[in-house]
Amino acid sequence: MKKILCVTNVGLDEPGGRASALKTRFEALEKGEWTVDQLIVKNHHNVFPKTFELKRKIVNEGYKLVWSINNPFTLHLPPLILKKAGYEFKWIAEFRDPIYLNPDPKKFRMVYRIVEKEIVSNSDAVVTVLGTQVDKIDFLKIYSRELDEKIFVLPFAGLEDTCSDPPQCKKTIPFTITYAGSFYKDWIEPFSFLVGFNKFVKKLKLKDRDVQVRFIGDWYKEYSREVKRLNLQNYIEVKEWMNKKGLISFFINSHLFLYIGGSKTENKKNVSLKVWDYLCYARPIFALCKEDYVVKDFILKNRFGYVADYDDPEDISEKLIQAFLDFETEKVQKTIKKLLRNRRKFDRRRHDEVFVRVCDAVYNKHEIKDYIG
């Protein structure tokens, strides 16, 4: 019996894109005749107790393949500790964020360098995913010898099989913009959007009955203070985190999805799981990012929506005007038709199937080849 244990920090039923992506991976593994279980490490205080739990799973329950995913990097520590201690099992280390190249806090950079090198050296395979901050070329520059013939690159996370053509985007009011997900201090925050949105409503003289913005997930007091300063209280609705099932009605009744990529160079290669959730509901995406971001080309080349400069409220305002007028004139229907056609190129099934082949190759000790999406 093939058994695999995933070291992660989320349960399958938790809100957010990571849990949803894990669930489809687990389903693909089970179809491939794998028995799958989780070891959930919620914070760094749990690392050593969870290491002993992992040891029991390997020794007593026969889990001979372990798959760990960062971020945070501490999720890689239980299998690393056991590998260094000489326990026999295969280990797949999946990197969504680089540890050494993107240290947080930066004062621990050299410590992270040592830890990342140990993970790369002691794992049996290293997995990266297109559309995450980790780049195979960056890794090869640092670890070419350690990564020789053992790095896998998975395709984009892609759309879930459950995605179907949603109800038509009707010309109803208010024009509704929805953001669902996390914010990160000094990196991905809504301040420039709020200023740009304020300019947008003033230029078009829009009332709160004409346009609404919904933020679902993270929200902090300083954001509320900015909303109040700009006198946007009646335009902004804030809701707490909810699971995917709870989001459905909000997504279906949206006209535009907000994606904030930020301006940090470390995030320029990222195409967040949020993008795939948005595309599932076939509404244009309004992305805020910098010029050299992968997500900018991804959205514009595939005609998935609009892109504005994260640091430029005036540009944000102008692109919001464009999106709103496309909605008013129903030009958005042409955009959605192209979106529905182009999104077919991205299938989560392929992403998951490639990962199952990786697991089979590592488990069976076959020669590891590089799968590139």
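Further up the page is the structure itself.
Small disclaimer: the values here were computed from a predicted structure and weren't measured.

Enquirer: Residues and numbers for the pairing of strand 3 (residues 65-70), please.
Expert: Taken across its six residues, strand 3 has six buried, putting it largely inside the fold. The alternating pattern of strand 3 places L65, W67 and I69 and V66, S68 and N70 on opposite faces, both of which are buried. Across four bridges, the pairing between strand 1 (residues 2-8) and strand 3 is parallel. Note on strand 3: the bridge partner recorded for L5 is V66.

Enquirer: Any details on helix 3 (residues 77-84)? Residues and values, ideally.
Expert: Of all eight residues in helix 3, six are buried, a share of seventy percent or more. Burial in helix 3 covers these residues: L77, P78, P79, L80, L82 and K83. Tucked into the core, helix 3 has its buried residues touching strand 1, helix 2 (47-61), strand 3, strand 4 (90-95) and helix 4 (109-122). Directly after helix 3, the chain includes G86, whose backbone phi takes a positive value near 95°.

Enquirer: Summarise the packing of aromatic side chains; cite the residues concerned and give the values.
Expert: Applying the stated rule across the entire model yields 36 aromatic pairs. Ring centres of W67 and F355 lie 4.6 Å apart, and the angle between their planes is 50°; this geometry places the pair in the tilted category. With a gap of 288 residues between them, W67 in strand 3 and F355 in helix 13 (residues 348-363) connect regions that are remote in the sequence. One residue, K3, lies across the ring of Y63, its end atom 4.4 Å from the ring centre. Of note, R25 hangs over the ring of F355, and the distance from its end group to the ring centre comes to 4.1 Å.

Enquirer: Could you give an account of the nonpolar core, naming the residues involved and the relevant values?
Expert: Among the nonpolar cores identified, the biggest contains 71 residues, and F193, F197, F215 and F286 are the most heavily contacted of them. Not counting residues up to four positions away in its chain, the partners in contact with F286 are F193, L256, F257, L258, Y259, Y306, A308, I316, K319 and L320. Membership of the second largest hydrophobic core comes to 29 residues, among which are V7, V41, W91 and I151.

Enquirer: Go over the sheet that holds strand 8 (residues 211-217) with me, naming the residues and quoting the values.
Expert: An order of 9-8-7-10-11-12 is seen for the six strands of this open sheet, with the pairing classed as parallel. Looking at strand neighbours, the two that pair on one side only are strand 9 (236-239) and strand 12 (305-309), the edges of this open sheet. Strand-to-strand twist across the sheet, computed as the mean angle between neighbouring axes with direction ignored, equals 20°. Pairing geometry for strand 8 and strand 9, over four bridges, is parallel. Pairing of F215 across the sheet is with V238, part of strand 9. The strands touched by helix 11 (residues 313-328) are strand 7 (175-181), strand 10 (256-260), strand 11 (285-289) and strand 12; relative to strand 12, the strand with the most contacts, the crossing angle is about 165°.

Enquirer: So what's going on with the pairing of strand 2 (residues 34-40)? Residues and values would help.
Expert: As defined by bridge partners, strand 1 adjoins strand 2 across seven bridges and the pair is classed as parallel. What sits directly across from V7, in strand 2, is L39. Crossover handedness for the path strand 1 to helix 1 (residues 17-31) to strand 2: right-handed.

The rules behind these values
- Residues numbered from 1 in each chain as written.
- Predicted model: local features only at pLDDT ≥ 70, side-chain atom pairs only at ≥ 80, totals over all residues.
- Heavy atoms only, no water.
- Buried < 20%, exposed > 50% of the residue type's maximum accessible area, 1.4 Å probe, protein only.
- Helix = DSSP H or I, 4+ residues; strand = E, 2+ residues; numbered from the N terminus.
- Pairing = 2+ DSSP bridges.
- Contact = heavy atoms within 4.5 Å.
- Phe/Tyr/Trp six-rings, centres within 6.5 Å; stacked < 30°, edge-to-face > 60°.
- Lys NZ or Arg CZ within 6 Å of the ring centre and 35° of its normal.
- Core = buried A, V, L, I, M, F, W, Y, C linked by side-chain atoms within 4.5 Å.
- Axes fitted to C-alpha atoms, helices over the stretch in contact; angles between N-to-C directions.
- Right-handed = clockwise from strand over helix to strand, strands pointing away.

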